[in-house]
Amino acid sequence: MRKLIIFMAMATILAVSSCGKKQPSATGTETVKTFIEQPTVEKITKALTDSLGEASVFRIERGVKQVAALWRESDGTSADFEKFCKDNFVADDAALETLYKKLERNFEIFRGYFHKMDVLLKEPIQITGPEIEPVDMMFGSYDASAHLDDDFFNNKIAFLTALNFPFYSLKEKTDKGATWSRRDWAYARMGDRFTTRIPADIILKASQTLTEADAYISDYNIFMGKLQNPEGKFLFPADMKLLSHWNLRDELKSNYTGENGLEKQKMIYSVMKHIIDQSIPQQVINKNEYVWNPLINKIYKDGKEAAVTPEPDTRYSVLLDNFHVMKSIDAYSPNFPTFISRAFEGGMEIPQEDVERLFTQFVSSPQVKEVAAYISKQLGRPLEPFDIWYNGFKSRGGVPEEQLTAMTSKKYPNPKAFEADMMNILVKLGWEKEKANSIASLITVDPARGSGHAWGAEMRNDVARLRTRIGENGMDYKGYNIAVHEFGHNVEQTVTMNDVDYYMLQGVPNTAFTEAVAFLFQKRDLELLGMPNADPNKDYMMALDNFWSCYEIMGVSLVDMKVWKWMYENPEATPAQLKDAVISAAKEVWNQYYAGIMGGKDEPILAIYSHMIDNPLYLSNYPMGHLIEFQVEQQVKGKPLAAEFDRMYTQGRLIPQQWMKGAVGSEISIEPTLNAAAEALKALK
Ligand SMILES: [Zn+2]
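Residues numbered from 1 in each chain as written. Predicted model: local features only at pLDDT ≥ 70, side-chain atom pairs only at ≥ 80, totals over all residues. Heavy atoms only, no water.

Overview of the overall build of the protein chain
Across its full length, the protein chain holds 31 helices and 8 strands. What you see for the protein chain is a C-alpha radius of gyration of 26 Å, in line with the 26 Å of a compact globule of 685 residues. Each of the three principal axes of the protein chain carries a C-alpha extent, and together these read 85 × 55 × 50 Å. Taken over 685 residues, the protein chain has a buried fraction of 60%. In the protein chain, 76% of the contacts between residues at least 6 apart in sequence involve partners at least 24 apart. Total accessible area on the protein chain is roughly 27,100 Å²; 52% of this is exposed by carbon and sulfur atoms. (Helix = DSSP H or I, 4+ residues; strand = E, 2+ residues; numbered from the N terminus. Rg over C-alpha atoms; globule rule 2.2 N^0.38 Å. Buried < 20%, exposed > 50% of the residue type's maximum accessible area, 1.4 Å probe, protein only. Contact = heavy atoms within 4.5 Å. Areas by Shrake-Rupley, 256 points an atom, 1.4 Å probe, with all protein chains shown as cover.)

Shown next, in the form of structure tokens:
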């Protein structure tokens, strides 16, 4: 489930776009001066229009304006600027296409090989092996391509691109995109390439900060075998070690069945609350020296109580570091002047207000109460806050998890066994053998330190990486379930890299679309083990499962958005103040949309999600992914997954709403998910 990619967040930083004047930002501390004066811009625009004709006027106006906005004194005089524009503006259609192709080819070379370096340099901190040394962090957090854009400005490649390929705002793409040809879209994406000029030292700092946040989160384990209840009993296996919060949550989910399930769940939730409010003893993070009773928050060594040293708000200082480094980019991004607008309008390409509206409507829908009542009836008890993770909708055909683990660990004793089986998995999902083979040959499986992730290549014919956590006894069911999810990402990464007609259109509109594929795969995990679900209610169960996942993660995302708005309003906050703000935001969202449904007031549970800390504003992609996935799933229903996947995903990186219209015939909507839940409840009653 976890998709760490520092690159993702870096892409959001760099996916920012701007055209027009560079103005000092009101909130920024840096000011970026416009060196080329407006009369110069007008003069050169007129001269080019006079000589090339009205047909080119739009491109001339926008191109000259873009270059003027990016030009600094160090790039040359006004006369140099004028000469550059005159010499390099390409009016002829065929010549423009030649220029496009050369730029595209060369950008692929740069991105592809820098990515390869990055993958190799990060290996010691991402792949299992000897303990991480400071030198590994120094290399792993180094971004070799940090100076690339600076160089492209210095050698004028950036100006050449900006002069000839206009940037279109999200609104323009929305208004015009439907009538654009594939080539027009590719040109528009080329126009997104150089719209800001962020100094290399800031990009480097951002990369370092995100890598440190990732290391904090992916090395935060709780030794469950040391957890003791007030009666002195140990409820979890002695060797169980769980990563916060994904493994903790998954363990909580798996305890809806089995001995002492509810007590174990309550204990896990208690651990989570100590992580959220940082009362967790520092002595139990990543260490198994102390016995910990989380319900009363006491620790013991050799049977004797020891003094608790709480974690010193590290969680929130990591989040603050992310905020500060993202904010430092604001001054260089006049069109998207905050990280919030860069993440949504720039990165996701859906306005933040639209996302928030969609989520708010969803979590306050009448269906929530009805589904909650259904769950409560299934459980035979009133709901607890952690029932936002209720997983009883999963149709596992009643097979206990241990039995599934027995199957998966036998089938996949090590990463290479999974790798060898990828082609078969694809064939089971409907790909022709030959195509399955060519996709699988471009994916490689590595043993991950964290819970795993999928990392796509940046050039054609390079491999995408599936990182998965496999224990000494082979892949357990949970690990398998996650690996199938990540594999979905890898297949998307491979197909959209190699089968989309233009490199500039390679990929998906935003990360929600790759999550959609990952969920499509993950949902079929049992089928892939050869256990087709004979349950006639399967579709209804899946609809309710999707609905409930949306309800959970939309709440988490609403908290995430609130927290970022708060940080912008309180840029001088201390980690302790941020901690209070996060907890308040979590309680506020809880009290408004969950307390009446799930019981108790003031529960902080929505603040536990790790991506809130290590992957700035990434969370909203999950629920968007669920909505998109549901619409895509309905589209795929009754048809072979592979053919529909290929048709939809080879559209490449259009803007989200246009991609959806092309794929399923309508925009992103909560209605299909809500309606399907209502229908399912009716049928199950
Ligand atoms: Zn994912």
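What follows picks up the thread again.
Quick notes on the sheet that holds strand β3 (residues 291-293)
Read across the open sheet, the 3 strands follow the order β3-β4-β5; overall the sheet is antiparallel. A strand with exactly one partner marks an edge of an open sheet, and here the two such strands are β3 and β5 (304-306). The average angle at which neighbouring strand axes cross in this sheet is 40 degrees, direction not considered. Pairing of strand β4 (residues 298-301) with β5, which is carried by 3 bridges, proceeds in the antiparallel orientation. Bridging from a neighbouring strand, I299 pairs with A306 of β5. (Pairing = 2+ DSSP bridges. Axes fitted to C-alpha atoms, helices over the stretch in contact; angles between N-to-C directions.)

A word on the pattern of salt bridges
For the structure shown, the criterion picks out 41 salt bridges. Where R460 meets E108, a salt bridge forms, and the shortest distance between an N and an O atom there is 2.4 Å. Of this pair, R460 sits in the loop between β7 (452-455) and β8 (464-468) while E108 sits in helix α5 (residues 93-126), placing them 352 residues apart in sequence. D192 is paired through a salt bridge with R189; the nearest N and O atoms lie 2.8 Å apart. You can call D192 buried: its relative accessible area is 12%. On the basis of relative accessibility, which here comes to 1%, the residue R189 falls in the buried class. Here the residues in one salt-bridge network are D93, E97, K101 and R183, joined through shared partners. (Salt bridge = Lys/Arg side-chain N within 4 Å of Asp/Glu carboxyl O.)

So, the sheet that holds β7
Paired through their backbone hydrogen bonds, the strands of a sheet run either parallel or antiparallel. Read across the sheet, 3 strands follow the order β6-β8-β7 without closing on themselves; strand pairing throughout is mixed. A single partner strand is all that each edge strand has here, and the edge strands are β6 (443-447) and β7. Each strand of the sheet is rotated relative to its neighbour by a mean of 15 degrees, with strand direction disregarded. Here β7 runs beside β8; their pairing, made up of 4 bridges, is antiparallel. Bridge assignment links W455 to a residue of β8, and that residue is R465. Contacts from helix α19 (residues 415-428) reach β6 and β8 within the one sheet, and its direction differs from that of β6 by about 160 degrees.

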